Every structure is written in structure tokens, then in C-alpha cells.
Amino acid sequence: MLESTQLLAKQTQRMSTDSRQLQGAPALEIKTSTFSVPVLVLASNDLAAISQQLQQTVEKAPDFFTHSPVVLDVLALNNNRLPIDLKNLCDIIRDAGMLPIGLRGGNEAQNAIALKLAIPNYSMHHPVGIEPAKAKAVDAKPATGAVPSVKLHTLPVRSGQRIYSEGDLIILAPISAGAEVIAEGNIHIYSTLRGRALAGVPDNAEARIFCSDLQAELVSIAGNYQVSSNFTAPKGKPVQIYLHEQSLIIKDI
Amino acid sequence: MARIIVVTSGKGGVGKTTTSAAIAMGLAKKGHKTAVIDFDVGLRNLDLIMGCERRVIYDFINVINGEASLNQALIRDKNCNQLYILPASQTRDKDALSQEGVGKVLEDLSKDFQYIICDSPAGIEKGAQLAMYYADDAFVVTNPEVSSVRDSDRMLGILSSKSRRAETNQEPIKEYLLLTRYSPERVKLKEMLSVDDVQEILSLHLLGVIPESKSVLNASNSGLPVILDEKSDAGQAYMDVVARYLGEECPHRFIDEKKGLFGKLFGSR
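Residues numbered from 1 in each chain as written. Chains lettered and ligands numbered in written order. Predicted model: local features only at pLDDT ≥ 70, side-chain atom pairs only at ≥ 80, totals over all residues. Heavy atoms only, no water.

Undergrad: How would you explain the packing of helix 1 (residues 16–29) of chain B against helix 12 (residues 233–245) of chain B if you had to name every residue and give the values?
TA: Residue and element names in this part refer to chain B. For the pair helix 1 and helix 12, interaxial distance at closest approach is 9 Å and the crossing angle is 60 degrees. In this view, helix 1 runs oblique relative to helix 12, as classed from their interaxial angle. Here helix 1 runs over helix 12; the crossing is right-handed. Contact residues: helix 1 offers Thr 18, Thr 19, Ala 22, Ile 23, Gly 26 and Leu 27, while helix 12 offers Tyr 238, Val 241, Val 242 and Tyr 245. Its residues assigned to classes, the contact of helix 1 with helix 12 comprises seven nonpolar, three polar and no charged. (Axes fitted to C-alpha atoms, helices over the stretch in contact; angles between N-to-C directions. Helix = DSSP H or I, 4+ residues; strand = E, 2+ residues; numbered from the N terminus. Parallel < 35°, antiparallel > 145°, perpendicular 65-115°, else oblique. Left-handed = near helix turned anticlockwise from the far one by under 90°. Contact = heavy atoms within 4.5 Å. Nonpolar A, V, L, I, M, F, W, Y, C, P; charged D, E, K, R; others polar.)

Structure representation (C-alpha cells):
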């Protein structure tokens with residue numbers, strides 16, 4: 001199921017040619033870049049169900065998903081010992097208009113199949129199958145319907161720091177210019193926001209940002225952002241920010 | 001055990017070395033055995049400010065590499081016998097520093113000294129990170145202007161995440177703000193950020209404000225830490241900083257504009 005479009009820091013090698021070759025410059029250089037790529041986190045090995053849900057998801061936002069690269073995450077399947085037919089799965093994904101470019105959380109056999117299909121392997125922090133005891137412990141927890149955690153941060157968020165919460169984020173100290181606070185849920189800031197706040201990533205349009213003093217560089221909800229030059233609200237007053245028909249509303253509380 | 005203090009800022013030219021020299025001399029003058037280490041390998045300056053450049057034989061890197069003992073490299077200050085200087089190497093670069101090497105030197109110094117001042121290089125790269133890695137306290141030196149404040153803010157982020165205390169889940173480094181090159185006249189003209197502006201952005205405990213002063217450059221040129229110039233406002237401000245750090249109550253000075261003779265006579269504002 002397309003559970004969420006996760007941010008995946010993926011390092012790829014990019015090659016670029018250089019026309020100044022004649023002057024003795026190298027013909028190419030290999031650089032490292034970081035990209036955001038959607039991750040398809042699979043919770044079931046039922047290909048028919050996957051196909052149906054994928055088509056529905058793509059129909060909702062065809063611009064976003066058509067020709068989009070996607071990384072397959074099969075860790076949950078392997079933890080639950082559900083086998084998956086990778087070749088057919090890739091065909092289904094391609095039929096839906098997306099392009100599989102990687103496999104994550106696969107076991108040795110799956111990694112080998114993926115490589116035959118010209119799909120690179122990405123490692124998880126915890127390799128599959130090495131710690132069966134740990135995997136069982138994960139099984140014991142309810143896999144679905146887990147309450148997203150609320151993260152509380154009490155220290156100032158300094159320039160260059162990043163705070164991420166899978167649920168709501170509560171911050172009790174100032175957020176400096178050049179810092180980023182990111183949450184999949186709401187963001188509550190009981191201090192001054194001078195950096196960036198991104199709530200409802202990637203696509204939770206219901207998320208809101210609450211802030212007791214808005215001096216932000218940028219605020220964003222579910223990918224809809226506004227920069228400070230467009231803010232209308234006065235500094236020093238508590239505000240809330242929410243999404244209404246694709247536009248950000250900044251309103252006094 | 002010694003208390004390890006890092007003097008850091010992120011930005012260059014804000015007064016880290018001047019502050020390191022002054023604080024080290026101040027602590028030593030109060031009777032605490034103090035060592036000050038120059039971490040700016042390749043751009044050695046502390047020895048000039050301390051006036052011992054002609055006495056450098058062995059340096060910090062020699063000690064790290066085991067080519068000299070600590071006692072051979074430490075230079076005793078000519079004004080205060082409680083103060084020792086460990087100079088940086090001028091012919092090497094920051095890659096010559098290693099985490100283990102720095103840790104070993106600090107550990108050895110800790111046995112003999114009460115305070116160890118680490119004079120950090122500018123930037124947030126290896127030299128600056130190693131200078132602050134083992135610190136217990138951090139003096140964040142900031143000028144009242146936006147780029148210095150932002151760089152200090154970045155440095156504070158690194159202090160709270162990449163130090164030994166952070167990595168081993170100990171009590172975090174104690175951070176203090178030192179506002180240097182402060183000019184109340186220019187603050188009044190809105191050419192400079194005020195103490196309140198800087199504190200609002202950095203939300204940090206203010207240890208002291210050092211006024212912009214000709215005596216600082218004079219002191220550097222003559223190789224005497226400015227704190228020894230007891231008549232100068234900057235020297236007095238550093239003495240206040242040392243006293244406050246050691247826990248004495250000491251009201252802040254040099255934040256408001258100096259009153260002229262007429263102002264003093266008539267008490268006008």
C-alpha cells in the first residue's frame with residue numbers, strides 16, 4: 001500500500017559530460033546528489049489488491065505519480081514472512097505509470113532478483129533475517145492503527161538543526177533562522193518561529209501550525225508553502241496557519 | 001579535574017583569541033592554575049596576543065604526535081606564573097589534529113590544571129569541532145551584527161549535538177554569551193544590534209559585554225592580554241566576565257552610552 005511518500009535521502013551517481021574536453025578537461029565527473037523519492041511501503045503480498053489501490057492512488061494525483069521514480073520497501077512483508085513476486089510487482093507498478101528504481105528491506109534472494117531486473121538494492125539500518133528475535137518483537141506490536149507519536153522539544157532549535165516528528169510536534173523554545181521543524185501532523189510552537197515550519201508532510205492537508213510569534217522564513221502545510229515576504233499577520237501575535245482550498249490562511253488566534 | 005572551556009563563535013574576527021587570552025589571564029590572576037590551548041593549527045595567533053611568540057619551541061601537534069612532552073611544549077606566561085600556553089603549529093593544518101590525540105592532551109592537562117581554555121578556530125570544520133568536543137563550558141563570542149549572531153547560533157547547534165557530553169548523554173555543555181566589540185553609541189543610531197536583540201535571537205545566558213575599545217588592538221600589538229590593562233574599559237569588562245563566571249555577583253557595565261562631562265554634572269539623559 002502506498003502508506004506515505006517518505007523522504008528518502010538517496011545518493012546516486014550522476015555523470016555529466018563536459019564540452020571543454022578538448023582543453024584537457026575530464027569528459028565526465030561523478031557527483032553525489034540527494035533526491036526525495038516516494039517509497040512504496042508494502043503491507044500485503046496480494047498483487048491484485050496492490051494493483052487496485054495503486055491505480056486509485058495514482059488517479060488522485062496523476063501529475064505527481066506519472067513517471068515518478070519509486071523505491072519498493074518490502075521490510076514489513078519479510079518481517080511477516082510474506083513472499084512477494086517482485087517481477088510481477090514491478091510490472092504492476094510500471095502499468096500504474098510509476099518507475100521502480102530501488103528495493104529496500106529485501107532479503108538476499110529478493111535482492112538478487114531485483115538486480116536481475118536492473119533495480120538497485122538499498123540497505124535498511126537493520127538488515128533482515130539477522131536478528132530474528134528482534135523481528136519477532138516487532139511482530140508482537142500491532143502493525144496497523146498505531147498512534148503516531150507526539151514529539152516534545154524544549155531546547156532552542158538552532159540554525160542548521162532539523163527536528164522531525166512522525167506525529168505532532170510541540171516546541172517550547174525559539175526556532176532560529178536557518179532551522180527547520182517538520183512534522184507529519186500539527187506543529188505547536190510556544191515561542192518565536194524564525195526558521196521554517198513544515199506541517200502535514202507529505203500530504204496531510206488537515207495539519208495546522210500554531211505559533212505564538214510568527215517571524216518565519218517559510219511555512220508549509222502538505223507541500224503548500226508561503227515565504228515571509230507574503231505574510232500579512234503582524235509579528236508578536238499568536239497565529240494559526242491552515243490550508244483552505246489549496247491556499248495557506250494565516251489567522252490570529 | 002580541570003574544567004574545560006571552549007571559546008568559540010563560528011565567524012572569524014569576532015575576538016575569540018583576544019577573549020581566550022583575557023579569560024585565561026583573568027582566571028590565572030585569581031589564583032587558578034590555567035592552561036590555554038591554541039586550536040588554530042596553521043594560523044597560530046594566540047602566542048602573539050600572549051606575547052610569547054619568541055619562546056615557541058614545541059607545539060600542540062608535536063605533543064599529539066608524541067614528538068615532545070607536554071612540559072616541553074607548555075610555555076609559562078611571563079606575567080603570571082599560574083598561566084601556561086600551549087601554542088598551535090604554524091607549519092601544519094587542522095588534519096594534524098585527531099580526536100584521540102586531543103583527548104589525551106586534555107586528559108593529561110586535567111591532572112595539573114584547574115581550567116583549560118580552548119581557543120577555537122573560526123568555522124565549523126574539524127579544528128572548531130575538536131576544540132569544543134571535550135568542553136564542559138562554552139563561551140560563545142558574538143559581535144552585535146546579524147551574520148555573527150547567525151554563525152553563533154549554528155555553533156550552538158553543533159555544541160548541543162556533536163560534543164562528547166551530547167554523545168555520551170551527560171549533562172549538556174554550559175553555554176555563555178559574550179558580546180564583544182559593542183558600541184552603545186552605534187546601537188543608539190540603530191547601526192548595531194542591541195544586547196536585548198542578540199539575547200532574544202540566541203536566548204542564552206549573558207556572561208558579559210565587552211565594549212569596542214582601542215585598548216584591545218594596543219594590547220594585541222604589545223602582546224599583553226587586554227585584561228592586564230586595568231584602566232581600559234575592555235580590560236575591566238573582561239575582569240567582570242571572569243568574576244561572573246566564578247560565581248561573583250557583578251552588575252553588567254558598558255551596555256549604556258557613556259555620559260559626557262555635562263551629562264555627569266547635570267544627570268541628564
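Undergrad: Please set out the interface of chain A and chain B residue by residue, giving values where relevant.
TA: Taken together, the contact pairs 10 residues of chain A with 12 residues of chain B. Between chain A and chain B, a total of about 880 Å² is buried, with carbon and sulfur atoms accounting for 37% of that surface. Three residues stand out in chain A for area buried against chain B, namely Arg 158, Ser 159 and Arg 194 of chain A, and they jointly supply 58% of the buried area on that side. Across the contact surface, chain A and chain B share three salt bridges. Note that Arg 150 of chain B is salt-bridged to Glu 217 of chain A, the shortest N-O span being 4.0 Å. One can count seven residue pairs in polar contact (both at pLDDT 80 or more) joining chain A with chain B. (Buried area = accessible area lost by both parts, 1.4 Å probe. Salt bridge = Lys/Arg side-chain N within 4 Å of Asp/Glu carboxyl O. Polar contact = N/O pair within 3.5 Å; in protein donor to acceptor, adjacent residues only side chain to side chain.)

Undergrad: Give a detailed account of the layout of surface pockets, specifying residues and quantitative values.
TA: All names here are of chain B. Here the second largest pocket is characterised by a volume of approximately 510 Å³. As for the second largest pocket, its lining consists of 27 residues, of which Gly 13, Val 14, Gly 15, Thr 18 and Val 216 are closest to the centre. Counting only elements with at least two residues in the lining of the second largest pocket, the list comes to helix 1, strand 7 (174–182), strand 8 (205–211) and helix 11 (214–222). Here the lining of the second largest pocket takes five residues from helix 11, the largest share from any one element. (1 Å grid on protein atoms, 1.4 Å probe; cavity = no way out; pocket = protein on both sides within 12 Å on 5 of 7 lines; lining within 4 Å. Points joined across faces, edges and corners; volume = space filled by probe spheres on them.)

Undergrad: Help me get a handle on helix 7 (residues 146–161) of chain B, residues and values and all.
TA: Over its 16 residues, helix 7 of chain B extends 23 Å from the first C-alpha to the last, a length consistent with the 22 Å expected when each residue adds 1.5 Å. By the burial criterion, the buried members of helix 7 of chain B are Ser 148, Val 149, Ser 152, Asp 153, Met 155, Leu 156, Gly 157, Ile 158 and Leu 159 of chain B. (Expected span 1.5 Å × (residues − 1). Buried < 20%, exposed > 50% of the residue type's maximum accessible area, 1.4 Å probe, protein only.)

Undergrad: Explain the packing of aromatic side chains to me, and be specific about the residues and the numbers.
TA: Residue and element names in this part refer to chain B. In the structure shown here, the tally under the stated rule is seven aromatic pairs over all chains. For the ring pair Phe 39 and Phe 60, a centre distance of 5.1 Å and an interplane angle of 75 degrees mean the geometry is edge-to-face. Note that Phe 39 is positioned in the loop between strand 2 (34–38) and helix 2 (46–49) and Phe 60 in helix 3 (residues 60–64), a separation of 21 residues in sequence. With 5.8 Å between their ring centres and 80 degrees between their planes, Tyr 176 and Tyr 245 make a pair best called edge-to-face. Highlighted residues: Tyr 176 in strand 7 and Tyr 245 in helix 12, separated in sequence by 69 residues. Judged on exposure class, the residue Tyr 176 and its partner Tyr 245 are both buried. (Phe/Tyr/Trp six-rings, centres within 6.5 Å; stacked < 30°, edge-to-face > 60°.)

Undergrad: Tell me what's going on with the side chain of Asp 137 of chain B, and back it up with residues and numbers.
TA: All names here are of chain B. The residue Asp 137 is located in strand 6 (residues 137–142) in this model. Within the structure, the side chain of Asp 137 is placed 2.5 Å from the side chain of Tyr 245, a separation counted as a polar contact. For Asp 137, the contacting residues outside a window of four places in its chain are Arg 3, Ile 4, Ile 5, Val 6, Ile 173, Lys 174, Tyr 176 and Tyr 245.

Undergrad: Quick one: what's the story with empty space enclosed by the protein, residue by residue and with numbers?
TA: Residues and elements named next belong to chain B. Under the criterion given, the structure shown has two cavities of 30 Å³ or more. In this model, the second largest cavity occupies a volume close to 30 Å³. Taken together, Thr 18, Ala 21, Ile 49, Val 216, Ala 219, Ser 220, Leu 224, Pro 225 and Val 226 make up the lining of the second largest cavity. Among the secondary structure elements, those contributing two or more residues to the lining of the second largest cavity are helix 1 and helix 11. Here the lining of the second largest cavity gets three residues from one element, more than from any other, and that element is helix 11.

Undergrad: Report on the sheet that holds strand 9 (residues 169–171) of chain A, specifying residues and quantitative values.
TA: Residues and elements named next belong to chain A. If you trace the six strands from one edge of the open sheet to the other, you get 7-9-11-13-16-17, paired in mixed fashion. What marks the edges here is a single partner per strand, and that holds for strand 7 (151–153) and strand 17 (247–252). Along the sheet, successive strands turn relative to each other by an average axial angle of 25 degrees, direction set aside. Across six bridges, strand 16 (residues 239–244) lies against strand 17 in antiparallel orientation. Residue pairing across strands places Leu 243 opposite Leu 248, the latter belonging to strand 17. (Pairing = 2+ DSSP bridges.)

Undergrad: Summarise the confidence of the model for chain A; cite the residues concerned and give the values.
TA: Residue and element names in this part refer to chain A. In the predicted model, chain A carries a mean pLDDT of 79, and 80% of its residues have values of at least 70. Here strand 1 (residues 10–17) is the element of chain A with the lowest mean pLDDT, 36, and strand 9 is the one with the highest, 97. In the model, residues 1–22 has pLDDT below 50 throughout and makes 55 contacts with residues more than four positions away in sequence or in other chains. Predicted confidence is poor over residues 126–143, with pLDDT under 50, and the contacts of this stretch with residues over four places away or in other chains come to nine contacts. (pLDDT = per-residue confidence, 0-100.)

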